[in-house]
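As a plain string of letters, each chain reads:
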Amino acid sequence: MANALHAGGPPPAGLSADEKHAWDQLDFFYKHGLGYAQEMMNRPQTLYAIEDSPVGLAAWMLDHDARSYELIARVFDGRSEGLTRDDVLDNVTLYWLTRTAVSSARLYWESKLAFFAPKHVAIPVAVSAFPDELYQAPRSWTEQAYPKLVYYNKLDRGGHFAAWEQPELLAKELRAAFASLR
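A short tour of the structure in this document, coming up. Source: prediction; values computed, not measured.

Turning to the overall build of the chain, a few remarks are in order. Secondary structure assignment for the chain yields 10 helices and 2 strands. Counting every position in the chain, which comprises 182 residues, the buried fraction comes to 36%. Contacts in the chain between residues far apart in sequence, at least 24 positions, make up 66% of those at least 6 positions apart. Carbon and sulfur atoms provide 57% of the accessible area of the chain, an area that totals close to 10,900 Å².

This part covers the environment of H21. If you trace the backbone, H21 turns up in helix 2 (residues 17-32). You can call H21 partly exposed: its relative accessible area is 37%. Spatially, the C-alpha atom of H21 lies 8.2 Å from that of Y135, the residues being 114 residues apart in sequence.

With that out of the way, let us pick up the pairing of strand 1 (residues 125-129). The alternating pattern of strand 1 places V125, V127 and A129 on a buried face, while none of A126 and S128, on the opposite face, is buried. Relative to strand 2 (residues 149-154), strand 1 runs parallel, the two being bridged by 5 bridges. Bridge pairing links V125 to L149 in strand 2. In the classification by handedness, the crossover that spans strand 1, the intervening helix 8 (residues 139-145) and the parallel strand 2 is right-handed.

A few words now on the pattern of salt bridges. The final tally for this structure, using the stated rule, is 3 salt bridges. Its salt-bridge partner being E143, residue R139 comes within 2.9 Å of it at the nearest N-O pair. Of the two residues, R139 and E143 are both situated in helix 8; the distance of 4 residues between them amounts to about one turn of the helix. Its relative accessible area of 40% is what places R139 among the partly exposed residues. Overall, E143 belongs to the partly exposed group, its relative accessible area being 40%. Put simply, R157 and D156 hold a salt bridge, and the shortest N to O gap is 3.5 Å.

Each value, and the rule that gives it
Positions within a chain are numbered from 1, following the residues in the order the chain's sequence is written. In view of the model being predicted, local features appear only for residues whose pLDDT reaches at least 70, and side-chain atom pairs are presented and counted only at 80 or more, with totals across whole chains, interfaces and linings using the full set of residues. By convention in this description, side-chain values take in all heavy atoms of the structure and omit both hydrogens and water. Elements are defined by DSSP. Helices are runs of H or I of four residues or more, strands are runs of E of two residues or more, and each kind is numbered from the N terminus. Note on classification: 1.4 Å probe, protein chains only; a residue is buried when its accessible area is under 20% of the maximum for its type, exposed when over 50%, partly exposed between these limits. The contact rule is simple, with two residues in contact once any of their heavy atoms fall within 4.5 Å. A 1.4 Å probe and the Shrake-Rupley method give the accessible areas. Residues count as covered only by the protein chains that appear here. One requirement defines pairing of two strands: DSSP has to find at least two bridges between them. Think of it like this: strands point away, you trace from the first strand over the helix to the second, and a clockwise trace means the crossover is right-handed. Each reported salt bridge corresponds to a side-chain nitrogen of Lys or Arg within 4 Å of a carboxyl oxygen of Asp or Glu.

Put into structure tokens, the structure is as follows:
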């Protein structure tokens, strides 16, 4: 299925509504957002330019993907859900002062696995599926990727930066996810 998606093929027949929604999100990512990840995978040294300018760093961080940008930018439009202006400035400042913008991208450089392919992780796994993530993983695909899935929850808010924009919700998810492992 990943090959069909990556090649721009049509979705397979028989997808559930959740699977079709995830397919559409991934299709959009492969057509419009993969370049961001490929830059970090293939040419991470190019990113050193963002460590020369706090404005350049902020632009790189805020323009991560279209939906994340909308979620972050809403605070500058006067809406109060999620992040505050101080949250945005604090996060950019943390990366700037610690000079960790480039090292935070090493995950992309070091991973040699297909980007969204099932990883078949054999340890207990918990998944919180946030709707504004690059794609909201449907339970059926999650179960295929993680045979020892101990927790799955489809949420109604949160995105790629859920820990940053919805910290209380993420903390609640972590407590629920690992309660069965105590």
